Amino acid sequence: MTHVVIIGSGFGGCTAVRTLRKQGFRDTITVVSPKPELFYYPSLIWVPSGQRTEDDLRIDLGRFFARHGVGHRAAAVTGLDASSKTLRTDAGELDYDYLIIAGGGRYLRKLAGIENAHIACAGWGPTKSWTDRFNAMQGGSLAFGFSGNPKEPPAMRGGPVFEFLFGVETLLRKQQRRDDFELTFFSPAPRPGARLGEKAVDRLLGEMDRRGIRTHLGHRMKAIEADRVISEGGEFASDLTLFIPGMTGPSWAAESGLSLSEGGFFKADAQCRVEGEDRIYVAGDAGSFPGPEWKPKQAHMADLQAATSVKNLMANLAGRPQTHTFRTELICIIDSLDSGTLVFRNERRNFQFRATPLHWGKSMFEKRYLKPYRGAA
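Residues numbered from 1 in each chain as written. Predicted model: local features only at pLDDT ≥ 70, side-chain atom pairs only at ≥ 80, totals over all residues. Heavy atoms only, no water.

1. Observations regarding the sheet that holds strand β1 (residues 3-7)
Note the cut-off: Between any two strands, pairing holds if DSSP finds at least two bridges. A helix here means a DSSP run of H or I that spans at least four residues, while a strand means a run of E at least two residues long, and both kinds are numbered starting from the N terminus. The angle between two axes is taken between their N-to-C directions and runs from 0 to 180 degrees, where each axis is a line fitted to C-alpha atoms and a helix contributes only its stretch in contact. Contacts between residues were defined by any pair of non-hydrogen atoms, one from each residue, lying within 4.5 Å.
Strand order in the open sheet formed by five strands is β5-β2-β1-β9-β21, and the pairing between neighbours is parallel. Of all strands in the sheet, those with a lone pairing partner are β5 (70-74) and β21 (280-282), marking the two edges. Sheet twist, expressed as the mean angle between neighbouring strand axes with direction ignored, is 20 degrees. For strand β9 (residues 98-101) and β21, the ladder comprises three bridges, and the chain directions are parallel. Its bridge partner being in β21, leucine 99 is matched across the sheet by isoleucine 280. Against the sheet, helix α1 (residues 11-22) makes contact with β1, β2 (28-33), β5 and β9, and its axis sits at roughly 155 degrees relative to β1, the strand it touches most.

2. Describing the layout of surface pockets
To be explicit about the condition: Site definitions follow a grid-based scheme: protein atoms alone, a 1 Å grid, a 1.4 Å probe that fits but cannot get out for cavities, and for pockets an open set with protein on both sides within 12 Å along at least five of seven lines, plus lining residues having an atom within 4 Å of a point. Grid points are joined across faces, edges and corners, and a volume is the space filled by probe spheres set on the points. We call Asp, Glu, Lys and Arg charged. Ala, Val, Leu, Ile, Met, Phe, Trp, Tyr, Cys and Pro are nonpolar, and the rest, Gly among them, are polar.
Estimates place the volume of the second largest pocket at around 610 Å³. Lining the second largest pocket are 23 residues, with Leu108, Lys110, Gly148, Asn149 and Pro150 sitting closest to its centre. Residue composition of the lining of the second largest pocket, grouped by class: ten nonpolar, seven polar and six charged.

3. Some remarks on the pairing of strand β15 (residues 221-225)
In terms of strand pairing, β15 meets strand β16 (residues 228-231) through four bridges, oriented antiparallel. Bridge pairing in β16 places glutamate 225 opposite arginine 228. Counted between consecutive antiparallel strands, the loop separating β15 from β16 contains two residues.

4. Digging into the sheet that holds strand β17 (residues 234-237)
Spatially, the three strands line up as an open sheet ordered β15-β16-β17, and their pairing is antiparallel. Two strands bound the open sheet, and with one partner strand each, they are β15 and β17. The average undirected angle you get between the axes of adjacent strands in this sheet is 15 degrees. Summarising the sheet, β16 and β17 pair through four bridges and their orientation is antiparallel. Bridging from a neighbouring strand, valine 229 pairs with phenylalanine 236 of β17.

5. Topic: unusual backbone geometry
The cut-off we apply is this: Each residue's exposure class comes from its accessible area (1.4 Å probe, protein chains only) as a fraction of the maximum for that residue type: buried when under 20%, exposed when over 50%, partly exposed otherwise.
Of note, the phi angle at glutamine 176 is positive, near 60 degrees, even though the residue is not glycine. Here the phi dihedral of leucine 337 falls at roughly 85 degrees; this positive angle occurs in a residue that is not glycine. With respect to the helices and strands, leucine 337 occurs in the loop between β23 (330-335) and β24 (340-345). Accessibility expressed as a relative area gives 6% for leucine 337, which makes it buried.

6. A look at the packing of aromatic side chains
The line we're drawing: Each Phe, Tyr or Trp ring, with Trp reduced to its six-membered ring, pairs with another whose centre is within 6.5 Å; inter-plane angles below 30 degrees give stacked pairs, above 60 give edge-to-face pairs, and intermediate values give tilted ones. Counted as over-ring charges are cases with an Arg CZ or a Lys NZ within 6 Å of the ring centre that also lie within 35 degrees of the ring normal.
Considering all chains together, one arrives at 19 aromatic pairs under this definition. Between tryptophan 130 and phenylalanine 134, the ring centres sit 5.1 Å apart and the planes meet at 15 degrees, which makes this aromatic pair stacked. In this pair, tryptophan 130 and phenylalanine 134 both sit in helix α4 (residues 124-136), four residues apart, roughly one turn of the helix. For the pair formed by tryptophan 130 and phenylalanine 134, the shared burial category is buried. What links up through ring pairs into an aromatic cluster is the set Phe11, Tyr40, Phe64, Phe65, Phe365, Tyr369 and Tyr373. The ring of phenylalanine 134 has arginine 177 sitting right over it, with the charged end atom 5.3 Å from the ring centre.

7. What about helix α8 (residues 357-370)?
It helps to recall that an α-helix has 3.6 residues per turn; residues three or four apart then point in one direction. To be explicit about the condition: For a helix, the expected span equals 1.5 Å multiplied by the residue count minus one. It is the directions from the helix axis to the C-beta atoms that the arc portrays.
Helix length check: α8, at 14 residues, gives a terminal C-alpha distance of 20 Å against a target of 20 Å (1.5 Å per residue), a fit within 8%. Taken together, the buried positions of α8 are occupied by Leu358, His359, Lys362, Glu366, Tyr369 and Leu370. Viewed end-on, α8 has its buried residues packed into an arc of 120 degrees, placing them on one side of the element. Along α8, exposed side chains directed more than 90 degrees from the buried face belong to Pro357, Trp360, Met364, Lys367 and Arg368.

What follows is the structure, given as structure tokens:
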């Protein structure tokens with residue numbers, strides 16, 4: 001009896017479960033995560049406008065796991081002994097034959113005063129807290145920004161910040177409160193969002209200018225205080241700051257004994273195997289993968305990498321070479337509450353266009369994506 005252990009019940013973890021069963025794997029699967037749930041982070045952007053609640057975004061996976069014959073271990077991973085194929089958790093040890101690491105990364109919190117910022121996409125709590133404070137304001141200054149991991153440039157997540165920024169600006173106009181607020185976008189990158197493509201950056205910065213949003217770009221950050229943001233290029237007022245710092249690997253990575261990148265992620269090959277390991281795979285934000293500099297960290301890539309991990313796992317199980325690779329592509333809709341901009345990039349093409357229906361298209365995609373996990377299929 002072969003035992004596959006999957007770390008994480010997010011996008012990559014759930015895709016791994018579905019792909020294993022579709023590929024004909026009938027043996028034991030155990031998912032390790034603190035709770036048997038999937039949290040749909042992409043739709044946090046609609047919390048400030050009241051279009052999403054916590055119940056909308058937090059999906060109980062009990063029925064999904066039961067339908068696929070999956071066991072769940074409610075635990076946090078603390079370490080790993082690859083030589084004995086043992087995963088260590090705060091709820092005891094777990095033996096495995098194959099391991100898929102899909103538990104995500106974590107945000108760097110070394111910036112002075114980081115506790116004064118609300119970290120977007122860190123979960124329901126920070127976003128709801130920001131929303132409550134915003135709704136209580138009669139006016140003032142709002143700052144929206146993101147940064148990266150200097151040791152691993154692709155380890156950043158800027159797309160949601162653009163969506164929060166444009167969505168809040170649209171909301172303020174609808175509420176006829178726009179003149180009472182000053183909005184500033186900041187980033188240490190001189191041209192933030194470059195992974196989307198140069199034309200996309202021009203479009204984003206042009207949209208900020210059109211909407212009267214100030215920018216503070218190209219300066220290394222020094223601190224975030226309760227009423228301001230400070231960089232090496234100066235400072236500006238902020239009564240409320242929404243920020244996404246750079247990313248690194250999970251906290252237990254250093255205790256795993258596995259190969260890590262300079263930025264602290266599990267180093268993976270094109271087949272999604274952790275370097276030097278034939279039976280340990282990684283998918284999503286926890287991994288450092290080969291590919292172009294613009295390669296994104298987003299749910300779509302986690303899904304592609306999880307599927308590739310499973311295909312190679314099944315090949316190894318059947319005694320075949322592990323030759324499956326994943327395609328690197330960036331697909332996102334940058335939503336602004338009443339319209340959206342589709343951005344697509346792969347090794348051959350890079351384009352973007354804006355249309356009102358794309359806002360509804362993003363919402364429809366959410367519904368379609370979550371359908372298998374809500375128990376409707």
